[in-house]
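Reading the structure
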Amino acid sequence: VVRNVNRVLDVNIALLPEIHDSNMRHRPLGIGSQGLADVFMKLRFPFDSPEAAELNYEIFETMYYAAMESSWELAVESKPYDSFEGSPLSKGLFQYDLWNARERVESKTEHPYRGYSLDWQSLRTRVMQDGVRNSLLIALMPTASTAYILNNTESTEVLFSNLYTRKNGSGEFIQFNSYLMKDLIQRGMWTEKMRHLIMKHRGHISEIKEMPEDLKQLYKTSFDIKQRCVIDQAAARGLFVCQSQSLNLHVKNPDRLLLTQMYFYTWKLGLKTFVYYLRTPPVVKNDQFTLQMKKAGEVEEEEEEEETEVCEMCSA
């Protein structure tokens, strides 16, 4: 990926000469990721589990190390980027050094998923001696469109819902969590009643009494997970994100005190950026015309209608 994106810098057409000059001088890359929640679901790790937190750390440490080593190889083959001299990298300072976390990273001996430690000291020596081809490497950006095309969860985001509708220029498409569906099929629980219950709860399964507890934990959605866990994972991988990362947070009932605590918590952790979107549940819920809840007594509960002021101009 480093070699391919580095090549893009040379063949791309910049809209302004200033952009071209900056790209040629600093040669920044923006390597990202998507489908982190898919990895956790495939490995049966709840998003807020210690296992997921450890794997999150190892994935992005490996990405940063591999990208840095590849950029060093390019510098040996060609030359360092023009503004390398005097940069933190020329002084042997990796991203986690700028977080004052060298001892934490390089003294870590247990790596349960990768199985071995990375030789940061050797890489530091090579980088200081020969330079690197690119000033920046990792940037975790939103990946909504490509994640939809590839059927992955977006970026490093928590699963938003197990059942939702996606709208684009081609129409509306119903999306369902295929991992949850497979589990329910294997357990003989993929029934019309279960489908109706999941639809009734709008893809959030935590309150479905018939749903097994282990599946509730594994397929928690964004409003079911404590946002401290999401922030902690962002800070853990932030040690290896030399540009920055997009991060969405989901809060059911935001208030001034809660938001203040969240902002100061992320600031203390050292995150360079905090919220891309701060999402809350919709105030007005659409009617579920596809559910015949009273039919055959399959779903006994009924939702109370919410009395909400609606803007008559735009229906917001």
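We now turn to the structure provided with this report. Worth saying up front: this structure is predicted, and the values here are computed from it rather than measured. (Residues numbered from 1 in each chain as written. Predicted model: local features only at pLDDT ≥ 70, side-chain atom pairs only at ≥ 80, totals over all residues. Heavy atoms only, no water.)

This part is about the packing of helix H4 (residues 50–77) against helix H12 (residues 227–238). Orientation of H4 relative to H12, taken along the N-to-C sense of each, is 30 degrees, at an axis distance of 8 Å. Comparing the axis directions of H4 and H12 gives the class roughly parallel. H4 and H12 meet at a crossing whose hand is right-handed. When H4 is examined against H12, the residues Ala-52, Ala-53, Asn-56, Tyr-57 and Phe-60 are found in contact with a partner set consisting of Gln-233, Ala-236 and Arg-237. (Axes fitted to C-alpha atoms, helices over the stretch in contact; angles between N-to-C directions. Helix = DSSP H or I, 4+ residues; strand = E, 2+ residues; numbered from the N terminus. Parallel < 35°, antiparallel > 145°, perpendicular 65-115°, else oblique. Left-handed = near helix turned anticlockwise from the far one by under 90°. Contact = heavy atoms within 4.5 Å.)

Our focus in this paragraph is the environment of Asn-56. By secondary structure assignment, the location of Asn-56 is in helix H4. Distance from Asn-56 to Ala-234, taken between C-alpha atoms, is 8.9 Å for residues 178 residues apart in sequence. Beyond its immediate chain neighbours, meaning those up to four positions away, Asn-56 contacts Leu-36, Phe-40, Gln-233, Ala-236 and Arg-237.

Turning next to the pattern of salt bridges. A full pass over the atoms with the stated rule returns 14 salt bridges. The partner of Glu-69 in a salt bridge is Arg-126, and the shortest N-O contact between them spans 3.1 Å. With Glu-69 in helix H4 and Arg-126 in helix H7 (residues 120–130), this residue pair connects regions lying 57 residues apart in the sequence. The class for Arg-126 is buried, based on a relative accessible area of 19%. (Salt bridge = Lys/Arg side-chain N within 4 Å of Asp/Glu carboxyl O. Buried < 20%, exposed > 50% of the residue type's maximum accessible area, 1.4 Å probe, protein only.)

What follows is about helix H10 (residues 192–200). When we look at burial in H10, the residues that qualify are Met-194, His-196, Leu-197, Ile-198 and Lys-200. Of the residues flanking the end of H10, it is Arg-202, one or two places downstream, whose phi is positive at about 55 degrees.

Here Arg-44, not a glycine, exhibits a phi torsion of approximately 65 degrees, which is positive. Note on placement: Arg-44 falls in the loop between helix H3 (36–42) and H4. Not every positive phi belongs to a glycine, and Asn-100 is a case in point at roughly 55 degrees. With respect to the helices and strands, Asn-100 occurs in the loop between helix H5 (95–98) and helix H6 (102–106). The class of Asn-100 is exposed, set by a relative accessible area of 73%.

To continue, consider empty space enclosed by the protein. For the coordinates displayed, the defined rule picks out three cavities of 30 Å³ or more. A volume near 80 Å³ is recorded for the largest cavity. Going through the elements one at a time, H3 and helix H11 (213–218) are the ones with two or more residues in the lining of the largest cavity. Here the residues of the lining of the largest cavity are counted per class, giving ten nonpolar, one polar and one charged. If you add up the space inside the second largest cavity, you get close to 50 Å³. Every residue along the wall of the second largest cavity is listed here: Trp-99, Gly-238, Val-241, Ser-244, Gln-245, Leu-271, Lys-272 and Thr-273. Residue composition of the lining of the second largest cavity, by class: three nonpolar, four polar and one charged. (1 Å grid on protein atoms, 1.4 Å probe; cavity = no way out; pocket = protein on both sides within 12 Å on 5 of 7 lines; lining within 4 Å. Points joined across faces, edges and corners; volume = space filled by probe spheres on them. Nonpolar A, V, L, I, M, F, W, Y, C, P; charged D, E, K, R; others polar.)

For the structure on display, the rule yields 18 aromatic pairs. When the ring of Tyr-64 is compared with that of Trp-120, the centres are 5.9 Å apart and the planes differ by 35 degrees; the resulting orientation is tilted. Of the two residues, Tyr-64 is situated in helix H4 and Trp-120 in helix H7; the sequence distance between them amounts to 56 residues. The class for Tyr-64 is buried, based on a relative accessible area of 2%. The exposure class of Trp-120 is buried, given its relative accessible area of 2%. When the centroid spacing of 5.1 Å and the interplanar angle of 65 degrees are considered together, the rings of Phe-176 and Trp-190 count as edge-to-face. Placement of Phe-176 in strand S2 (residues 171–176) and of Trp-190 in the loop between helix H9 (178–186) and H10 is noted, with a sequence separation of 14 residues between them. By relative accessible area, which is 23% here, Phe-176 ends up partly exposed. Cluster of aromatic residues (ring-pair linked, three or more members): Tyr-57, Tyr-64, Tyr-65, Phe-94, Tyr-96, Trp-120 and Phe-240. Its end group placed over the ring of Trp-190, Arg-195 keeps NZ or CZ at 5.3 Å from the ring centre. Sitting over the ring of Tyr-265, Arg-228 keeps its end group 4.2 Å from the ring centre. (Phe/Tyr/Trp six-rings, centres within 6.5 Å; stacked < 30°, edge-to-face > 60°. Lys NZ or Arg CZ within 6 Å of the ring centre and 35° of its normal.)

Running from N to C, helix H1 (residues 2–11) and H4 cross one another at 55 degrees; their axes reach a closest spacing of 10 Å. Taken as axis vectors, H1 and H4 run oblique relative to one another. Seen along the crossing, H1 lies across H4 with a hand that is right-handed. For the pair H1 and H4, contact is made by Val-2, Arg-3 and Asn-6 and by Ala-67, Ser-70, Ser-71, Glu-73, Leu-74 and Glu-77, respectively. When its residues are assigned to classes, the contact of H1 with H4 shows three nonpolar, three polar and three charged.

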